[in-house]
Amino acid sequence: MRALLLIDIQNDFLPGGALAVPEGDRIIPLANQMQPHFDLVVATQDWHSQNHKSFASQHPGKNVFEVTTLQGLEQVLWPDHCMQDTAGAELARALEQNRIEAIFRKGTNPEIDSYSGFYDNGRLKSTGLADYLRGKGITQVYLAGLAADYCVYFSAKDALTEGFEVYYIEDAVRAIDAAGFEKAKADLVARGGQLVQSHTLLPK
Ligand code: VGL
Ligand code: ZN
């Protein structure tokens, strides 16, 4: 059984949003076209408290995109984004949502960031996504969403670690940083993941 994971397709990651991913909106038609051809569609949602420590605003004197340490882990400091109950945290309006069976929220703990839909960055807490997928008989996980070099990448890595067959849908993701995108893809392939194009997942 195959699941489509829609990672963080939220207003703040679209052009005009607080942490806009270049061309982030371009993946939405692809995500919509693919959904009917999967056994299960699941979404993740970055869902931060307003004082989340991944925000540069919580570190006086530090700048956005500066790297610091948080709980012993390297942490990029982001603009305030995806704050709980704000419009920026909502899933994109253009995204078809009726087929999404469950939404896994992450990044709620203000002390630690959570890029992956499976675990927080310190791997201290599971979201339950892996067990949920296994409970549905899923063995193959296909990923689309934002950002390709952060949350999609970390989710794909964890999916591999959890023993799923992993397919990273190359044209249905967009990255914050072009070099980071290339690195992420190479690393996933080295770990046994596969890169696919969305059109190969649609009926002829
Ligand atoms: C993300 C940075 C901070 C993502 C989330 O969804 O890729 N990136 N929070
Ligand atoms: Zn975030």
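Since we're looking at a predicted model, the values are computed, not measured.

### Section: the sheet that holds strand β1 (residues 2-7)
No. 1: Ordered in space as β5-β2-β1-β6-β7-β8, the six strands form an open sheet in which the pairing is parallel. Edge positions in the open sheet fall to β5 (100-106) and β8 (194-196), since each of these has one partner strand only. Across the sheet, the mean angle from the axis of one strand to that of its neighbour is 25°, orientation sign disregarded.
No. 2: Here six bridges tie strand β6 (residues 140-146) to strand β7 (residues 165-174), and the two strands are oriented parallel to one another. Among the inter-strand pairings, Y142 is bridged to a residue of β7, identified as Y167.
No. 3: Strand contacts of helix α3 (residues 151-161): β1, β5, β6 and β7, with the helix running at about 165° to β6, the strand carrying the most contacts.
No. 4: Strand contacts of helix α4 (residues 178-190): β7 and β8, with the helix running at about 165° to β7, the strand carrying the most contacts.

### Notes on the pairing of strand β4 (residues 73-76)
No. 1: Direction of pairing for strand β3 (residues 67-70) relative to β4: antiparallel, over a ladder of four bridges. When the bridges of β4 are listed, V67 appears paired with V76.
No. 2: Count of turn residues in the β3/β4 antiparallel hairpin: two residues, of which Q71 carries a positive phi of about 50°.

### Focus: the site of ligand 1
No. 1: Neighbouring ligand 1 are D8, F13, L19, D46, W78, H81, Y115, L146, A147, Y150 and C151.
No. 2: A distance of 2.7 Å separates an oxygen atom of ligand 1 from a polar atom in the side chain of D8.
No. 3: Note that an oxygen atom of ligand 1 is positioned 3.0 Å from one of the backbone N or O atoms of C151.
No. 4: Notes on ligand 1: free accessible area 260 Å², of which the protein chains cover 100%.
No. 5: Of the residues belonging to the shell around ligand 1, the class tally is eight nonpolar, one polar and two charged.

### Details of the coordination of the zinc ion (ligand 2)
No. 1: Protein coordination at the zinc ion (ligand 2): the donors are D46 (OD), H48 (NE2) and H81 (NE2), at 2.0 to 2.2 Å from the metal.
No. 2: One chain supplies every donor for the zinc ion (ligand 2), spaced along it as D-x1-H-x32-H. Pair noted here: H48 is in the loop between β2 (40-46) and β3 and H81 is in the loop between β4 and β5, with a separation of 33 residues, a long-range link.
No. 3: For H81, a relative accessible area of 3% puts it in the buried group.

### A look at the pattern of salt bridges
No. 1: Under the criterion given, the structure shown has twelve salt bridges.
No. 2: K185 is the partner of E182 in a salt bridge, and the nearest nitrogen-oxygen pair spans 3.5 Å. Separated by three residues within a single helix, E182 and K185 lie in helix α4, roughly one turn from each other.
No. 3: Each member of the salt-bridge network shares a partner with another, and the members are D8, D46 and K106.

Cut-offs used in this document
Residues numbered from 1 in each chain as written. Chains lettered and ligands numbered in written order. Predicted model: local features only at pLDDT ≥ 70, side-chain atom pairs only at ≥ 80, totals over all residues. Heavy atoms only, no water. Pairing = 2+ DSSP bridges. Helix = DSSP H or I, 4+ residues; strand = E, 2+ residues; numbered from the N terminus. Axes fitted to C-alpha atoms, helices over the stretch in contact; angles between N-to-C directions. Contact = heavy atoms within 4.5 Å. Near = heavy atom within 4 Å. Polar contact = N/O pair within 3.5 Å; in protein donor to acceptor, adjacent residues only side chain to side chain. Areas by Shrake-Rupley, 256 points an atom, 1.4 Å probe, with all protein chains shown as cover. Nonpolar A, V, L, I, M, F, W, Y, C, P; charged D, E, K, R; others polar. Donors = N, O, S within 2.8 Å, 3.2 Å for Na, K, Ca; no water. Buried < 20%, exposed > 50% of the residue type's maximum accessible area, 1.4 Å probe, protein only. Salt bridge = Lys/Arg side-chain N within 4 Å of Asp/Glu carboxyl O.

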